[in-house]
Amino acid sequence: MTARKDSMIINSLVRQALTSAQEVMGDNGLAAVLKTCGLERFVGNFPPNNLAPAIQASQYAKFNEAIESFYGRGGKGILRRIGKASFQYGVREQSALLGVAGVALKLLPERQRIKFILNGLADALKKSNAEVNAWVDESGDRLAYIESTCAICHSRESATSICYLYVGSISEAVLWATGREFEVTETHCLAKGDEYCRFEVGEARA
């Protein structure tokens, strides 16, 4: 596997991740995970909401891995819940960055709503870090969100896709945009040796 550049993640995104994890895991759970992955400096001391560099992508990946390990079989579900909480945080605290402030999505067809919010996720990441490469693929029957610089799985190797937090964020974003829950599947993952992480938005759940 070709080594990827270990880019920096800004304070505001780390704060978003920690706040969302705290909401799902509680203070003690978050503190235990942070100590496990070498980020104990953030215990009770979240970074400020600014654009200064906070941690490296590989450290963020270790944070995700530590959550998965801490909860064992339930770790995947916990990460998805943190992803959902992360998008909700973004709507509350960073609506301008996401491009969702004052948007009348109800006037658009459902597929256009999904495309809009997926582009909003990609644009928000690129605004916060010029090194991010993320885009939306609308060439097939299913819309897909793709990122070739995913920090969740940075420096990790796996036989299966592992970006559960991303799946949660995208699922919640599509729910927010459409009012319906859709199946989101990670079909490609950098940790598996793929060229990018790809998340397809499937059929709406009954």
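You'll find the structure just up there.
So, a few notes on the structure that sits alongside this text. (Residues numbered from 1 in each chain as written. Predicted model: local features only at pLDDT ≥ 70, side-chain atom pairs only at ≥ 80, totals over all residues. Heavy atoms only, no water.)

The subject of this paragraph is helix α3 (residues 75–93). Relative to the 27 Å expected for 19 residues at 1.5 Å per residue, α3 spans 26 Å between its end C-alpha atoms, a close match to the ideal helical length. Of all the residues in α3, the buried ones are G75, I78, L79, I82, G83, A85, S86, F87, Y89 and G90. Considering only its buried residues, α3 is in contact with α1 (11–36), α2 (57–71), α4 (95–98), α5 (110–128) and α6 (164–178). (Helix = DSSP H or I, 4+ residues; strand = E, 2+ residues; numbered from the N terminus. Expected span 1.5 Å × (residues − 1). Buried < 20%, exposed > 50% of the residue type's maximum accessible area, 1.4 Å probe, protein only. Contact = heavy atoms within 4.5 Å.)

Next up on the list: the environment of A101. In this fold, A101 is placed in the loop between α4 and α5. With 93 residues separating them in the primary sequence, A101 and D194 have C-alpha atoms 35 Å apart.

Quick look at the environment of G120 now. Its place among the elements puts G120 in helix α5. Remark: the alpha-carbon pair of G120 and A57, spanning 63 residues in sequence, is separated by 21 Å.

What follows covers the nonpolar core. If you look at soluble globular proteins, the nonpolar side chains tend to sit buried side by side. Judged by nonpolar contacts, the single largest core of 62 residues is most densely connected at F63 and L118. Ranked by residues supplied to this core, first place goes to α1 with 9 residues. With residues up to four places along the chain from it excluded, the contact list for L118 reads V136, L143, A144, Y145, I170, V174 and V201. (Core = buried A, V, L, I, M, F, W, Y, C linked by side-chain atoms within 4.5 Å.)

Next up on the list: the sheet that holds strand β5 (residues 182–188). Taken in spatial order, the 4 strands of this open sheet run β3-β4-β6-β5, and their pairing is antiparallel. At either end of the open sheet lies a strand with only one pairing partner, and these are β3 (134–137) and β5. For this sheet, the mean inter-axis angle between neighbouring strands, taken without regard to orientation, is 20°. As judged from the 4 bridges shared by β3 and strand β4 (residues 144–147), these two strands associate in the antiparallel manner. Directly across from A134, in β4, lies its bridge partner E147. Across the sheet, α6 is in contact with β4, β5 and β6 (197–204); its angle to β5 comes to roughly 145°. (Pairing = 2+ DSSP bridges. Axes fitted to C-alpha atoms, helices over the stretch in contact; angles between N-to-C directions.)

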